[in-house]
Structure formats: structure tokens, C-alpha cells
Amino acid sequence: MKTVIQKPGRLLLTGLCLLFVLFAHAQQGPWPAVKKETKPWTRWWWIGSAVNEQNLASSLNILGQAGFGGVEIAPIYGAMGYESQYVPFLSPRWMELLRYTVARAGKRQMGVDLTTGTGWPFGGPQVTKAYAASRFIIQRYQLTAGTPFIQQIRINDAKQEGAVLEALMAYHGGVATSLIEMVDKDGTLHWSPPGGQWELYALFDGRTLQQVKRAAPGGEGYTLDHLSAEALPVYLHRFDTAFKDKAPGVRSFYNDSYEVYNADWTPGFLTAFKKRRGYDLSTYLRELSSDDSTDLVARVKSDYRETMSELLLENFTRPWTRWSHGYRSLSKNQAHGSPGNLLDLYGAVDIPECETYGSTYFPIPGLRRDSADIRNVDPDPVMLKFASSAGHVEGHPLISCETFTWLTEHFKTSLSQCKPEVEQAFLAGVNHVFYHGNTFSPPEVPWPGWLFYASVNFVPTNSFWPHLPGLNEYITRVQSVLQSGTPDNELLVYWPVYDTWNRTKGRDMSLNVHGIDEWLHPTAFYKHVKELLKAGYSLDFISDAQLARAGVSREKAAGGISLSGYKVIVIPKTKLMPVTTLQQILRLAEEGSTIVLEALPEDVPGLRALDQRRKALKTLLASLRFSAGENGLQVVQLGKGRLVLADGIEKALLQLGVSREELTDKGLKFIRRKEQQTTWYYLVNHTPEKIEGYVPLNKAEGRAIMLDPQTGRTGKALSRDSAGRAYIKLQLLPGEAMIVHTGKGVQATADWKYLDGPEAPVRLSGAWQLTFNNGGPFIPASRQLEQLRPWTSLEDTAANAYSGSGTYTTTFTLAKKDAGEYVLDLGKVHESARVWVNGQDAGMLWSIPFRARIGQYLKGGDNEIRIEVANLMANRIRYMDQHKVSWRRYHEINFVNINYTPFDAAGWMVQPSGLAGPVTITRYP
């Protein structure tokens, strides 16, 4: 049956068409130029490094054709049955394959990054126990005067044989006595207490004994001691030997998230601590090993954690970056999880990289989020901003992100679910996305090929692969904008890390994504950052060390930081602040900065010379002669700038004339970039409602161009002025994004075509032809559908097991094609689509809302619409597990589900697949 479309009031229409036409890989006109960094990259797992030149070339071609700009090689454990094809890491043959990959990728204008190791974290066969990750072990003994002490001061744990005794303290009341010189090599103690009951604390330099996780053949061994200045050169020497003093040609060397468990020590820590903190830590072994909620315990542990942070920065991150530069490569580092100041660690590398782990709830209608298929971890944009802030403050142009890690359960992630998650990363300052990820798999490996256990599996065997270019091109468009110019953030927020370190619980403090409920969420810093972002302010974070190198001038000295782009430095309520930090804040005010403090710091951190430093802080604070300003503000002028004391930060900013972007009142999210005399706005609607109307943009000036990152369409926006402010007309459905480019240098273009005054939607209600192709394990029979429905509702066992593409085709009659635009709405899609109208490719509809402008493809009379729908891999995997078809056989972790238990899909429900509709066409005059 054919649907007839007439003017409103007559018989309506049937059929389907697509949201947009794929944009050319070389963007033109208003869009910035495309280069390999503007495209998404992917982590590329080499399973067992069982690769060869022919398959590498083929895989790179496939990735390039899908729209990837580069790969990040990560060798990991191997697949069972392919041991004879393993290539040992850094062997001569492995190096041949690496250099071939770099050359082949270069011919495709693709880049290559390389993890400086296998699996994670750094480690391997070159790491002996002497250079392995260390931990301190404290053993306690009781001594009584007059009672012989017959125990030997030796490590009790047999696994820690060889652990060196580094300190031995005896405590009696308030007396602490060092006994390290009174112990023989065999552990015999030559000391008797003068009287009373004594407690001995013995500190041993032990080892975590952690092995490299998910190591590749040739990469097995102990994890590296990242705090040791001697360990890193030993570790890197193996690479130097393999490289033979010839740069391998990789764009950057990469370090994965810091997952060095219980590594809270290094040989020489006591010496380094005394040099840096000014007192002997061994005197406070009792406090170091205590969780008592006392001020002394907190201060000792704060000093201990600060020392760890400095050692990690100075003995690992910086020298590793210098080593990377020696091979004409960049450094790329995930600092989160480290026991250190994240801002300093991220800022010390060329490309700071954050990570999205888990799934976020977005109130976008129709966006699937099954609680059984997600982890109990929500990616927090504030956490992502530690990486982007460090990059922005230090002037690094690229902020990367390991994206989509454990987004959902295996085989159940749609491209539509990926979109808002990556948008959240963009809004947090990311502009260089890495997928997690793609697994190299030889063509002879049966479906689904080799897969990695914590991945969304962006692989050619995934049913959505034919539609993946839609997501990739969207990311490319957005990143081409977010890599243009420089960040445009008006606020700089101080991160009071000493308040975080000043805790009595535990030893080292790993600032990881799984612990933010403890170390981040309860803080005043987090509360204000969330409130300021919601209110419409753009901001970055800054550390104590970065403040010390900062200046107000646009011209920064070597190693310095320019704060000229920021209007205000915000100091949230801070209990503990070093005197030197307060001095730097006052210096910046004298140079011309405006500093807004929620409250004055109460105390200094740490234990060294505590009374002296407290007195210095009190003197500094007393020198600040605040006077009453307007609306309750307390102000002190210092040189060219000022300090403002206010209990309400947002209120103070408004009184100081620092405007917020009011567009957030409508629920819009945004990020800005400035480029010469123009400003780029990236706007996203994650609300459940359509946002339509004139929206104020603080930086709107001159011409404003709209650029649709979903389709590539561009046009001059409608604008108007009111009370000296510019307003831009926007129309954004839930799940849509828009880019606005405004300023004197914006080039002219045709007017944007707004969709106003819609006529009644016409439903394509005729018969549909459904055919299947490019899938398995079976190809269901083609059939005629009297009404539109998913193929999993056909009561066909072959269709229920099928993963791949199905094509829905129908015809309709358009009595007359009038002027204006026609918009196709696919309704409910499981899970992505590509549309042809009258044989013309109308593009990919890969995300919510599944809508497209199709007027240019329609004609008066008969029209045909063909919709290719791709489902997910889930149903085929379910079938294979139900029928005991072997597909997962890996060494090491093998294959686990999202809860890290053995994977088994046999009990899954059938995942809805196909086109549910309703499919409608709406005309706009």
C-alpha cells in the first residue's frame, strides 16, 4: 500500500528519510579545517601483539575509512590458541611492526600514540624488586622494663623477605627514642627500657609485589616504583635499547591511569621527607600508622602526602616527559588515581588526559538506560575539569579523554548513548577524544573477533559499525571548533589540596574517580564549582604551585603562567593555606588581579615550624585592611588589584560586574573558545524539553553564524539587541547541539533556515518491505509488513538471534512539493539508521532525535524511502552463549561482565531491534 501526502487537511504521508547528509571529510566554509587531531582517536589493543604487516595495513585502512584520526597502541594479554603468533614486546620483530604501523598510518594522515609499557601500570621484566613499587610496613612490639626482649626485629611476612628496616622508634608517654642504631643485622635489639611500658614501632621498606595488569607477552613483571628517581631510568633503558637511539615516530607516549595499589613508600623516603618538610618523619611512626582523629595525625599525614606528590612529580612525571621529548614525541598522562596534586601532575605533561568511567543519567526522552546494564559510577564533569584546567592554565592546546569506558554492559551500548556522554566531556574542556576502544583482530578469527573486556567494542564486527562515521563526524566537527583559538573562561578557582590531604584516615591518598564521594564531593570547593557552572560561569582550577608561577601580564616568563584571560580568582572556603600561597595571592592582587575570597584561611597545613608559620599567617591577615564596600562586600585595594571578602561568591561576582551566561537558566550547557576577534559557543540541550527562542550570549558581537555539528549545515543566525545585549534565536530539541560563531571576523553565509510554523505531521502508515543483510548468525527471511514494527516482534527465532542491519522500504505519494522544508522523524529506532530518499543518500540518523531535513530529496508524485537500521551485538551474543558457541578464550582476565564476574549472556532478554516508529514527515513553510 502506498501513502499519499497532500496539503494539510488531506491524506497524509508514509516513508522514511534521514537527519543529515554526511559532511565531507575536508570541512569548508565556516567550519575550521580538519586535521588528524580533530578526528576521534581510539585505543588500539594488540592482543598478544599477534599482528602482522598485512593485517595492520588492513585494520588501519578500515579505521581511517570510519573517520578515526589516529590510534593508541596498547599491547595486552593474548588469545588462547594463537600463542605461536605472539610477538614479544620490544623484541626486534615487535619494533619492526611498530615502525611499519607508524609509516602506514602516516600515509593515511593518521597518528600513532604508544603506551610506555604493556597493560598497566608501568612495569615489566626489567623491574627487579629493587625498583618495584614499594610500601611501608610497620610492626609493633611491646617492651617492659626488667623483662628480657627476645624477639628479633625482622619482617614477619615471608613474602616480604629482604625488606629493609629503615626506622625503629620506642614510645613511652610523650617520649620518642630512635633505636635504629641499636639493632644488629639479624634483628637483635641491644636496648633495655629505663623503666615502665614501652611500645616499639618498626618501619620496613617492603614491596607491593603487584604485577603489571593485563600484561602482553614480554611485558610481564613487577610494577614500577614511580616515586624513585633511580627506578625510572632503569625502566626506560629497555626502551632505549629497543629503539636503538632512533625515534620510533609516535606522536606521543602515554601513561594510563595510576593504578599502583598500596604503593605508599620508596627507598630514601625518610631522607627526602626531612629535606622537604624539615623534620624527621621516623619520630612520628606512631602517628603515621594511626587513624586517630587528632590534629597531630592529620598534620603528619598531610606532610607525608605532600612529599609523595612531589616525588611522583619530580622523579616520574617530569623526567618521563623529558624522555619523551628526547624522541621528538609528546607525553600524554592520566594523573587521576595518583597520590599527588592532580593539577600539578596533569600540568607537567603535554597532553593531560582524563577518563569517563561509567554511565551518566540524562533526562533526554527515549534515551535508554537500564540499571542492570550500568556500573554504580557516574562520570563527574568536575573530575574531568582537573585535566582540562591544568591544560588551560599551562597553555597546552590538547586535552584528551579516555571515553566510554564501561559505558554499559558489553554489546548493549548504542551510538545514541555515546553522544551525551562525549558531549559532557566536551563541556568540561576536552577537545581530543580517545575511544575505549578498538581491538586488533585478524580476519580469520570468527565473529565477534578479539575483544577487550572493559570496552564498548568499537570494532568492525559491531552491528553499529556502518553508522559509526555519523558519531565520528560529529566529534570531528565539534573538536575542530574546540581546538580553535584558546579557552574563554572568566574564573580561576583555587583548589585547596591541603584541606584534602589533612585527613587522618589511611596512608597515601589516591585521588581516583571511584573515591570522589570521600575526597571531592563533601568539599566547599566542589559545592561552589557546581553552583558557578550551573549559574553560567566558565572556570578553571589552579593549584598552589601554579599560583606561584602565575602573573597577570599577557607575556609570561619561561616556565611561567599568564592569568591575563581570567577576570577573577576565586578562593572558596579554605581551612589550611600555606603562607607562601597567601603571599602569592596578595602579589597577584598587587599586579592587578581581582581576588574573591569566601572566607579568610584559618590555619597553615603541616607540622614543621608550626608556631612560626601560624604567626606569619596571622600577621599577613592582620595587614589586610578591609573596608565596607557596596552590598556587604569587604574590599581591600592592593596595588593595581583588590581582595574582596564575601560569603556569597556568585553574589559578589555579579556586584563586581562579572556577568554569567544566562542561557543556563533555560537548561542549556555551553563552553566557549576565543579566536582572534571572534568567539565560538558550543551549546548542548540535555534537558527533556525543546529549547526555542532568543537566547542571550555575553560574547555575541557583529555577525553570528550557526553551525550544526550533527549535520554540518551552517547559516546566519537571527539576532536582536535588548538593553545592550545580543540575543540569538535557537531551536534545539532534547539531545541536540549547536555551535555559534560570533564576532567581527566571522565570514558571511546564507541565512539559517529555522523551522517555524509546522503543519500537521503526516504518518507513513503504508506497508513496508523488510530485508536483512550484513549480519548473523542467520539471515532472517525477507517479508512484507502491513505495519511498521521492530524485527524482534515478529516471533521469528532467526530474527531474535540476528545482529546486523535490516532495511525498511516503503513508498508514498507527495501530491505536490511546496516550498519550505520537510522534516523526517523516525520515531523510535533500535538503534541507529541510514536513510535514502528516492535513491539519494540522505545521511545517518545515529542518535536522538532521529530527525532529518529531507526536502531537497523529495519530488511531487511517487517517492521511495529506504531506511537501513542497525541493532546491537547483544542478541547474537545471547544466542551464542545459549548454544555454548565458544567465542571468549583469553589469557589473564579472560572476559568479564560489567560487575567483573564471568560473562554469560544466555539469560539476557532479547534486545529490541529494528524500526518501531512512528515515521512521520512534517512540512515547514
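Residues numbered from 1 in each chain as written. Predicted model: local features only at pLDDT ≥ 70, side-chain atom pairs only at ≥ 80, totals over all residues. Heavy atoms only, no water.

Observations regarding the overall build of the protein
The number of helices and strands found in the protein is 19 helices and 45 strands. Projected onto its principal axes, the C-alpha positions of the protein cover 105 × 75 × 50 Å. Residues counted as buried form 63% of the 925 residues belonging to the protein. Long-range contacts, defined here as pairs at least 24 residues apart, represent 79% of the contacts in the protein between residues at least 6 apart. When the accessible surface of the protein is split by element, carbon and sulfur atoms take 49% of a total near 34,700 Å². (Helix = DSSP H or I, 4+ residues; strand = E, 2+ residues; numbered from the N terminus. Buried < 20%, exposed > 50% of the residue type's maximum accessible area, 1.4 Å probe, protein only. Contact = heavy atoms within 4.5 Å. Areas by Shrake-Rupley, 256 points an atom, 1.4 Å probe, with all protein chains shown as cover.)

As for the packing of helix H15 (residues 579–591) against helix H16 (residues 610–622)
Relative placement of two packed helices is described by the angle separating their axes and the distance separating the axes. Their axes nearest at 10 Å, the elements H15 and H16 cross at an angle of 20 degrees. Comparing the axis directions of H15 and H16 gives the class roughly parallel. Here H15 runs over H16; the crossing is left-handed. Every residue of H16 that contacts H15 at Val 579, Leu 582, Gln 583 and Leu 586 is listed here: Arg 613, Ala 616, Leu 617, Leu 620 and Leu 621. (Axes fitted to C-alpha atoms, helices over the stretch in contact; angles between N-to-C directions. Parallel < 35°, antiparallel > 145°, perpendicular 65-115°, else oblique. Left-handed = near helix turned anticlockwise from the far one by under 90°.)

A few points about the sheet that holds strand E32 (residues 725–732)
A sheet is described by the order of its strands in space; here 3 strands give the open sequence E28-E32-E31, paired in antiparallel fashion. With partners counted over all chains shown, the strands left at the sheet margins are strand E28 (691–696) and strand E31 (719–722), one partner each. Geometrically, the sheet is characterised by an average inter-axis angle of 30 degrees between neighbouring strands, direction not taken into account. (Pairing = 2+ DSSP bridges.)

What about the environment of Gly 743?
With respect to the secondary-structure elements, Gly 743 resides in strand E33 (residues 737–743). For Gly 743, a relative accessible area of 3% puts it in the buried group. C-alpha separation for the pair Gly 743 and Thr 679, spaced 64 residues apart in sequence, amounts to 6.2 Å. Other than its neighbours up to four places away in sequence, Gly 743 contacts Gln 677, Thr 678, Glu 701 and Arg 703.

Things to note about empty space enclosed by the protein
By the definition in use, this model includes 8 cavities of 30 Å³ or more. Roughly 70 Å³ of internal volume is contained in the second largest cavity. The wall of the second largest cavity is formed by Glu 355, Tyr 357, Val 377, Asp 378, Pro 379, Asp 380, Met 383, Leu 384, Val 513 and Ile 516. For the lining of the second largest cavity, the elements supplying multiple residues, two or more each, are strand E13 (351–357) and helix H8 (381–394). (1 Å grid on protein atoms, 1.4 Å probe; cavity = no way out; pocket = protein on both sides within 12 Å on 5 of 7 lines; lining within 4 Å. Points joined across faces, edges and corners; volume = space filled by probe spheres on them.)

Some thoughts on the environment of Thr 307
By the secondary structure assignment, Thr 307 is in helix H6 (residues 295–326). Taking C-alpha positions, Thr 307 is 60 Å from Pro 790, a pair spaced 483 residues apart along the chain. Discounting residues that sit within four places of it in the chain, Thr 307 has contacts with Phe 269, Phe 273, Arg 276 and Arg 277.

Let's talk about the state of the cysteines
Going through the model one piece at a time under the given rule, you end up with 0 disulfides. With no disulfide of its own, Cys 354 has Cys 401 as its nearest cysteine by sulfur position, at a separation of 3.8 Å. (Disulfide = S-S within 2.5 Å.)

Some points on the confidence of the model for the protein
Confidence along the protein averages 95 in pLDDT terms, with 97% of residues attaining 70 or more. For the stretch residues 6–27, pLDDT sits under 50, and the model shows 115 contacts to residues farther than four places along the chain or on other chains. (pLDDT = per-residue confidence, 0-100.)

Here we look at the pattern of salt bridges
Following the criterion strictly, the structure yields 48 salt bridges and no others. The partner of Glu 831 in a salt bridge is Arg 368, and the shortest N-O contact between them spans 3.4 Å. Residue Glu 831 is found in the loop between strand E39 (828–830) and strand E40 (832–837), and its partner Arg 368 is found in the loop between E13 and H8; the two are separated by 463 residues along the sequence. A residue is classified by how much of its surface remains accessible, and Glu 831, at 7% relative accessible area, is buried. (Salt bridge = Lys/Arg side-chain N within 4 Å of Asp/Glu carboxyl O.)

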